[in-house]
Amino acid sequence: MSKQVQSRRVTVPAIRALKGREKIVCLTAYTAPVAAALDPHVDVLLVGDSLGMVVHGLPTPTAVTLEMMILHGQAVVRGSSHAMVVVDLPFGTFEGSPEQAFAASVRVMKETGCQAVKIEAGEGLAGTIAFLVQRGVPVMGHVGLRPQAVHIDGGFKAKGRNDDERARVIAEARAAEDAGCFAIVLEGVSEELAQEITRIVRVPTIGIGASPHCDGQILVTDDMLGVFEWAPKFVRRYADLRTIITEAVSRYAADVRAGTFPGADEVYRFKSKD
Ligand code: KIV
């Protein structure tokens with residue numbers, strides 16, 4: 001195999017092997033320049049369907065299409081060279097049948113060059129996950145709070161806070177592991193439940209709002225960089241980009257209105273040939 005075709009990216013087996021050894025660092029990315037900035041620091045870049053809300057201003061992820069995921073997936077793969085890139089299968093593109101899920105996964109993997117897909121799947125979709133894995137599609141599972149179930153749940157609600165729910169989320173995680181997921185996102189579950197699932201399953205758990213006991217962590221990058229006024233309780237803000245943007249743009253607007261931008265050094269000048 002020539003050097004050019006050998007992947008230098010983090011691989012699926014490498015992520016699995018980190019369980020119990022090293023914490024796995026994951027963030028979402030939707031564009032090439034942001035992917036390039038995150039790439040050296042993370043193991044996994046997730047092109048999450050959160051892009052519907054974060055980038056496109058949609059109220060929920062349910063309107064996100066496969067085409068949107070592919071467009072943003074292509075940008076993230078182009079902008080990165082180290083991290084594993086995982087792309088979410090959006091609502092309505094995998095639940096109909098294993099064949100529908102396979103067709104959607106193959107499109108996503110062929111058209112973006114990503115290494116894996118993520119599926120928000122309860123127990124009922126274990127057969128679909130197994131169908132994909134048996135055909136060469138690496139699948140990251142996603143259990144607990146599933147944003148694509150927002151209408152069934154009546155909102156984005158934490159899971160596993162009573163015995164029934166706790167048993168259901170454990171069953172979902174076990175089913176995802178048995179079906180062949182190489183890692184499982186645990187979203188919005190109690191600390192105790194995250195700790196228990198991380199102990200029970202042999203594949204890495206990636207937590208979001210799921211305590212430090214998971215094998216890795218993921219956040220929506222725009223949340224941790226403070227792009228929005230509001231962020232969920234579990235988000236730690238590492239920057240305040242909203243304030244930085246507001247200050248920069250108000251200075252730009254003032255300069256344009258005062259006629260001081262562009263300045264003498266910011267214009268092209270005619271160059272005579274002699
Ligand atoms: O869509 C997304 O960004 C996600 C993460 C929050 C895990 O699923």
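What you are looking at is a predicted structure, and each value in this text was computed from that prediction instead of being measured. (Residues numbered from 1 in each chain as written. Predicted model: local features only at pLDDT ≥ 70, side-chain atom pairs only at ≥ 80, totals over all residues. Heavy atoms only, no water.)

Engineer: Please clarify how the environment of Ala 121 should be interpreted in this entry.
Structural biologist: Locating Ala 121 in the fold gives a position in the loop between strand S4 (116-120) and helix H6 (126-134). Ala 121 sits in the buried class, given a relative accessible area of 4%. Separated by 61 residues in the primary sequence, Ala 121 and Phe 182 place their C-alpha atoms 14 Å from one another. Setting aside anything within four residues of it in sequence, one finds Ala 121 in contact with Ile 129, His 142, Val 143 and Arg 146. (Helix = DSSP H or I, 4+ residues; strand = E, 2+ residues; numbered from the N terminus. Buried < 20%, exposed > 50% of the residue type's maximum accessible area, 1.4 Å probe, protein only. Contact = heavy atoms within 4.5 Å.)

Engineer: What's the story with helix H8 (residues 163-179) in this structure? I'm lost.
Structural biologist: Helix length check: H8 (17 residues) gives 24 Å between terminal C-alpha atoms against 24 Å at 1.5 Å per residue, within 8%. Looking at H8, one finds that the buried residues are Glu 165, Val 169, Ile 170, Glu 172, Ala 173, Ala 175, Ala 176, Glu 177 and Ala 179. Buried residues along H8 sit in contact with H6, strand S5 (139-144), strand S6 (183-187) and helix H9 (191-200). Capping the start of H8, Asn 162 holds a side-chain oxygen 3.2 Å from the backbone nitrogen of Asp 164, two or three residues further along. Note on H8: the residue one or two positions beyond its end, Gly 180, has a positive phi of about 115°. (Expected span 1.5 Å × (residues − 1). Polar contact = N/O pair within 3.5 Å; in protein donor to acceptor, adjacent residues only side chain to side chain.)

Engineer: Explain the side chain of Ser 211 to me, please; I cannot follow it from the model alone.
Structural biologist: The topology assignment puts Ser 211 in the loop between strand S7 (205-208) and strand S8 (216-219). By relative accessible area, which is 18% here, Ser 211 ends up buried. When sequence neighbours within four positions are dropped, the list of residues in contact with Ser 211 reads Glu 191, Ala 194 and Gln 217.

Engineer: So what exactly am I meant to see when it comes to the layout of surface pockets here?
Structural biologist: Any empty space left between atoms is shown by rolling a water-sized probe over those atoms. Within this model, the largest pocket holds a volume of roughly 1,000 Å³. In this structure, the largest pocket is lined by 37 residues; those nearest its centre are Glu 187, Ile 208, Asp 223, Pro 232 and Phe 234. Among the elements of the structure, helix H3 (51-54), S4, S6 and S8 are those that each provide at least two residues to the lining of the largest pocket. Along the lines of polarity and charge, the residues of the lining of the largest pocket split into 20 nonpolar, eight polar and nine charged. Of the residues that make up the lining of the largest pocket, three or more belong to each of domain 1 (2-222) and domain 2 (225-261). Lining the second largest pocket are 17 residues, and of these Gln 217, Ile 218, Leu 219, Phe 234 and Tyr 238 lie nearest its centre. Listed by contribution, the elements that provide at least two residues to the lining of the second largest pocket are strand S1 (24-28) and S8. In terms of residue class, the lining of the second largest pocket is built from eleven nonpolar, four polar and two charged. (1 Å grid on protein atoms, 1.4 Å probe; cavity = no way out; pocket = protein on both sides within 12 Å on 5 of 7 lines; lining within 4 Å. Points joined across faces, edges and corners; volume = space filled by probe spheres on them. Nonpolar A, V, L, I, M, F, W, Y, C, P; charged D, E, K, R; others polar. Domains from an automatic or database assignment.)

Engineer: Is there a simple way to think about the nonpolar core in this case?
Structural biologist: Among soluble globular proteins, nonpolar side chains are generally buried collectively. Residues Leu 45, Val 85, Leu 89, Val 108, Val 139, Leu 186 and Ile 197 are the most contacted members of the largest nonpolar core, which totals 59 residues. Those residues in contact with Val 139, other than ones at most four positions away along the chain, are Val 117, Ile 119, Ile 129, Leu 132, Val 133, Cys 181, Phe 182 and Ala 183. By size, the runner-up hydrophobic cluster in this structure holds 18 residues, among which are Ile 15, Leu 18, Ala 116 and Ala 183. (Core = buried A, V, L, I, M, F, W, Y, C linked by side-chain atoms within 4.5 Å.)

Engineer: Explanation requested: unusual backbone geometry in the structure shown.
Structural biologist: In most cases, non-glycine residues show a negative phi, while peptide bonds are predominantly trans. The peptide bond linking Phe 261 to Pro 262 adopts the cis configuration, its omega dihedral lying at 0°. With a phi angle near 80°, Ser 211 is a residue other than glycine that sits in the positive phi range.

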